[in-house]
Amino acid sequence: METPARIRNRVLQPMNTLTSFLTLLIFPAGVTLILMGMFYEWVDRKLVARFQNRVGPRWFQPFADALKLLAKEQITPAIVNPYLFFGLPIFALAGALTAALYVPLFGLTPPHSLTGDLIITIYLLSLPTMCIGLAGWNTTSRFSLIGATRALTQLFAYEAPFLLALLGPALVAGSWQISEINDYAIGHWLILSQPIGFIVAVIGLMGKLELPPFDAPEAETEIVAGALTEYSGRGLMMFHLAKSAELVVGLTLVSAFYLGGLTGIGSFLLKTIALLFFMAILQSLLTRLRIDQTVGLWWRFGAILVLAQILVTILLKG
């Protein structure tokens, strides 16, 4: 005869599985994150267009682009590894969606939280760029190869300063767990005590997303679409969706750490859109950097300044 505890576990186990399934596919990750990413992409494009005295896209443009790419045929080049060609867009999108499970999206408690999830999230956010680099390397197009080289060079330039910029809040909070850092940041506007880290984190996020002035890897006037020149249809759409999801996760992370933490959907929308507004201003003001200028900027200034700030933070903390 079954004990009451075994009966309860047998009933609750399918419910937990269903909850995890809905969390991964529907809310807050999955479909909701993808839709939110496309909305934020539209806000960014609209703001940049208005700053440049242009009308900009209508609100449904990113959604229409996604549907158009989904309906188009995906052309496969003759000389590619088909497993990599079709698998890399899936890995890129999966990495960005998985990273969302550890951050307080919409100001809610993260669905999954563990010690050290900050490091896991940062490297999951790097997965789309690594997949784009490998996608360019997998084809024989000279535009793709140049774009892949630029994407990976830029990745190694901004990755360390971006990581260091997020370590500052982790040090003062005394934790490597994103939810605990967010709890500490509520009531502590770390942008005031660590302004250099905030600026490096925002610029690092722009480099990660390949937004101007760090768009040399996909400079359309020089190398068509860079590493993704040979992609079309569903593959190209999944890379774009990965970037959109990465945008939301990155904005959430920087807002939670530096802008007083996230306590609900109101503070989430207010702080992430304010941050996006700031990034749109930078995109409008700055011109595209060459790849050697990007590397020099990060290693001569970004890394050294944020290291100096971490040193000061450690000394003050004692």
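In this text the structure is predicted, and so the values were computed from the model without any measurement.

Enquirer: In this structure, what is going on with the overall build of the protein? I would like to understand it.
Expert: For the protein, the helix and strand inventory stands at 13 helices and zero strands. Overall, the protein shows an N-to-C arrangement of helices and strands of α-α-α-α-α-α-α-α-α-α-α-α-α. In summary, the protein has a C-alpha radius of gyration of 20 Å against a globular reference of 20 Å for 318 residues, a match within 12%. Seen through its C-alpha atoms, the protein measures out along the principal axes to roughly 65 × 55 × 35 Å. Within the protein, the fraction of its 318 residues that count as buried is 51%. In the structure as shown, the protein presents an accessible area of about 15500 Å², 70% of it carried by carbon and sulfur atoms. For the protein, the separation between the mean place of its 20 positive charges and that of its 17 negative charges on side chains is 4 Å.

Enquirer: So what exactly am I meant to see when it comes to the pattern of salt bridges here?
Expert: Opposite charge on two side chains permits pairing when their charged atoms draw close. Taken as a whole and judged by the stated rule, the model has four salt bridges. As a salt-bridge pair, E41 and R45 come within 3.6 Å of each other at their nearest N and O atoms. Separated by four residues within a single helix, E41 and R45 lie in helix α2 (residues 31-51), roughly one turn from each other. The class of E41 is partly exposed, set by a relative accessible area of 26%.

Enquirer: Any chance you could explain the packing of helix α4 (residues 82-99) against helix α5 (residues 117-137) here in plain terms?
Expert: How two helices sit against one another is set out by the angle between their axes and by the gap between those axes. Interaxial distance between α4 and α5 falls to 8 Å at its minimum, and their mutual angle equals 165 degrees. In this view, α4 runs roughly antiparallel relative to α5, as classed from their interaxial angle. Of the two possible hands of crossing, α4 and α5 adopt the one that is left-handed. Of the residues in α5, those in contact with L84, L88, F91, A92, G95, A96, T98 and A99 of α4 are T121, L124, L125, L127, P128, C131, L134, A135 and W137. A breakdown of the residues in the contact of α4 with α5 according to their chemical character gives 14 nonpolar, three polar and no charged.

Enquirer: I would appreciate a short explanation of the layout of surface pockets in the present structure.
Expert: Empty pockets left among the atoms are what a rolling probe the size of a water molecule brings to light. One number sums up the size of the largest pocket: a volume of about 1200 Å³. The wall of the largest pocket is formed by 39 residues, among which E41, R45, L211, E218 and H240 lie closest to the centre. Put simply, the parts of the chain that give the lining of the largest pocket at least two residues each are α2, α3 (61-71), α6 (142-173) and α11 (233-258). No other element matches the eight residues that α11 contributes to the lining of the largest pocket. Across the lining of the largest pocket, the residue classes break down as 22 nonpolar, six polar and eleven charged. Considering only enclosed or pocket space, the second largest pocket measures out at about 250 Å³ in volume. Lining the second largest pocket are 16 residues, with I199, I203, F214, L297 and W298 sitting closest to its centre. Secondary-structure elements contributing two or more residues to the lining of the second largest pocket are α9 (195-208) and α13 (291-317).

Enquirer: It is not clear to me how helix α12 (residues 265-285) should be interpreted in this structure. Could you clarify?
Expert: An α-helical segment advances 3.6 residues per turn. Residues three or four places apart therefore align on the same side. Between its first and last C-alpha atoms α12 spans 30 Å; for 21 residues at 1.5 Å apiece the expected length is 30 Å, and the two agree. On its buried side, α12 packs onto α2, α9 and α11.

Enquirer: What's the story with the packing of aromatic side chains in this structure? I'm lost.
Expert: The geometry of an aromatic ring pair is captured by two quantities: the separation of the ring centres and the angle between the planes. Taken as a whole, this structure holds eleven aromatic pairs when the rule is applied. Consider the rings of F198 and F278, whose centres lie 6.4 Å apart with planes at 25 degrees: the pair is stacked. Highlighted residues: F198 in helix α9 and F278 in helix α12, separated in sequence by 80 residues. Residue F198 is classed as buried on the basis of its relative accessible area of 8%. Since its relative accessible area comes to 32%, F278 is described here as partly exposed.

Enquirer: Looking at this structure, I do not really get a nonpolar patch on the surface. What am I missing?
Expert: Residues L22, L25, I26, F27, V31, L35 and L108 make up a contiguous nonpolar surface patch of about 580 Å² in total accessible area. When contributions to the nonpolar patch are tallied by element, the ones reaching two or more residues are α1 (4-25) and α2. Structurally, L35 is set in helix α2.

Quick notes on the rules
- Residues numbered from 1 in each chain as written.
- Predicted model: local features only at pLDDT ≥ 70, side-chain atom pairs only at ≥ 80, totals over all residues.
- Heavy atoms only, no water.
- Helix = DSSP H or I, 4+ residues; strand = E, 2+ residues; numbered from the N terminus.
- Rg over C-alpha atoms; globule rule 2.2 N^0.38 Å.
- Buried < 20%, exposed > 50% of the residue type's maximum accessible area, 1.4 Å probe, protein only.
- Areas by Shrake-Rupley, 256 points an atom, 1.4 Å probe, with all protein chains shown as cover.
- Lys, Arg positive; Asp, Glu negative; His and termini not counted.
- Charge placed at Lys NZ, Arg CZ, Asp CG, Glu CD.
- Salt bridge = Lys/Arg side-chain N within 4 Å of Asp/Glu carboxyl O.
- Axes fitted to C-alpha atoms, helices over the stretch in contact; angles between N-to-C directions.
- Parallel < 35°, antiparallel > 145°, perpendicular 65-115°, else oblique.
- Left-handed = near helix turned anticlockwise from the far one by under 90°.
- Contact = heavy atoms within 4.5 Å.
- Nonpolar A, V, L, I, M, F, W, Y, C, P; charged D, E, K, R; others polar.
- 1 Å grid on protein atoms, 1.4 Å probe; cavity = no way out; pocket = protein on both sides within 12 Å on 5 of 7 lines; lining within 4 Å.
- Points joined across faces, edges and corners; volume = space filled by probe spheres on them.
- Expected span 1.5 Å × (residues − 1).
- Phe/Tyr/Trp six-rings, centres within 6.5 Å; stacked < 30°, edge-to-face > 60°.
- Patch = residues over 30% accessible without salt bridge, like charges linked within 9 Å, V, L, I, M, F, W, Y side chains within 5 Å.

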